[in-house]
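Survey of secondary and tertiary structure
The residues making up each chain are set out below.
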Amino acid sequence: DDPARLKIDNALLGKWVMKEDTSKSNYFIVKKKNDFKYAVTYMNKGGTHIQYEDFEMFLSKVSYSRFLNVQYYYESVQGYFFLRIIDINETGDIITTAEVADTTLFEITKPAEVRGRINRNLDNPLFFADTAHFYKVKGF
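Parameters at a glance
Residues numbered from 1 in each chain as written. Predicted model: local features only at pLDDT ≥ 70, side-chain atom pairs only at ≥ 80, totals over all residues. Heavy atoms only, no water. Helix = DSSP H or I, 4+ residues; strand = E, 2+ residues; numbered from the N terminus. Buried < 20%, exposed > 50% of the residue type's maximum accessible area, 1.4 Å probe, protein only. Areas by Shrake-Rupley, 256 points an atom, 1.4 Å probe, with all protein chains shown as cover. Salt bridge = Lys/Arg side-chain N within 4 Å of Asp/Glu carboxyl O. Core = buried A, V, L, I, M, F, W, Y, C linked by side-chain atoms within 4.5 Å. Contact = heavy atoms within 4.5 Å. Pairing = 2+ DSSP bridges. Phe/Tyr/Trp six-rings, centres within 6.5 Å; stacked < 30°, edge-to-face > 60°. Lys NZ or Arg CZ within 6 Å of the ring centre and 35° of its normal.

**Re the overall build of the protein chain**
When helices and strands are counted, the protein chain shows one helix and nine strands. Mapped in sequence order, the helices and strands of the protein chain form the string β-β-β-β-β-β-β-β-α-β. Relative to its full complement of 140 residues, the protein chain shows a buried share of 39%. Carbon and sulfur atoms make up 51% of the accessible area of the protein chain, which totals about 8,400 Å².

**Description of the pattern of salt bridges**
Within this structure, the stated rule accounts for five salt bridges. For R66, the salt bridge is made with D9, and the minimal N-O distance between the two is 3.4 Å. Taken together, the residues R66 in strand 6 (residues 65–74) and D9 in the segment before strand 1 (14–18) connect sequence positions 57 residues apart. For R66, a relative accessible area of 26% gives the class partly exposed. D35 is the salt-bridge partner of K32, the closest N and O atoms lying 3.1 Å from each other. When its relative accessible area of 46% is taken as the criterion, K32 is described as partly exposed. What makes D35 partly exposed here is its relative accessible area of 37%.

**Some words on the nonpolar core**
Ranked by size, the top nonpolar core spans 17 residues in total, and within it L12, V30, Y38, M57, L59, L68 and V70 carry the most contacts. Of all the secondary structure elements, the ones that give two or more residues to this core are strand 3 (38–44), strand 5 (56–62), strand 6, strand 7 (77–88) and strand 9 (128–138). In this structure, V30 is in contact with L12, L13, G14, W16, Y38, A39, V40, M57 and F140, ignoring residues within four places of it in sequence.

**Focus: the pairing of strand 9**
Here strand 1 runs beside strand 9; their pairing, made up of four bridges, is antiparallel. Note on strand 9: the bridge partner recorded for M18 is F134. Sheet topology note: the strand 8 (residues 94–100)/strand 9 ladder contains six bridges and is antiparallel. What sits directly across from E99, in strand 9, is A129.

**Focus on unusual backbone geometry**
Of note, the phi angle at S63 is positive, near 55 degrees, even though the residue is not glycine. By secondary structure assignment, the location of S63 is in the loop between strand 5 and strand 6. Although it is not a glycine, D130 sits at a positive phi angle of roughly 50 degrees. According to the relative accessible area criterion, D130 is exposed, its value standing at 57%.

**Overview of the packing of aromatic side chains**
Following the criterion strictly, the structure yields five aromatic pairs and no others. Judged by centre distance (4.8 Å) and plane angle (40 degrees), the ring pair of F28 and Y42 falls under tilted. Here Y42 lies in strand 3 and F28 lies in strand 2 (residues 27–32), a separation of 14 residues in the sequence. Between F28 and F134, the ring centres sit 5.9 Å apart and the planes meet at 75 degrees, which makes this aromatic pair edge-to-face. Remark: F134 occurs in strand 9 and F28 occurs in strand 2; sequence separation between them is 106 residues. Its relative accessible area of 22% is what places F28 among the partly exposed residues. Overall, F134 belongs to the buried group, its relative accessible area being 14%. We note K15 situated over the ring of Y27; from NZ or CZ to the ring centre the distance is 4.2 Å.

This is the structure we're talking about:
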């Protein structure tokens, strides 16, 4: 998707912990990179700093659902994965997401085709996996 479509949601800025993670020392720092992108740092293993250079994400919307498009670079691998935002509570400190599970999306090179495939499967529960719950422990 084109990251310039939706401006960032400031409610997503802050320090986030994933409820399903058994180590409470792991967390995500989400900062504003610019008006359309977030810079993300993942901390794990008791505070050992692991930062993926240019690890960033941006919002997109397909039909009635918002998604986080997460771009990563790890060693020589570059890619994207998509998290559907299922729910954000009223106070903006709890988010529920589900990962798009269709691995064949990696074979599609045109953003419009990826968007179309996701749109056709919005109501297909098998298209999504790994539901995760994040809670904000500190805002910015």
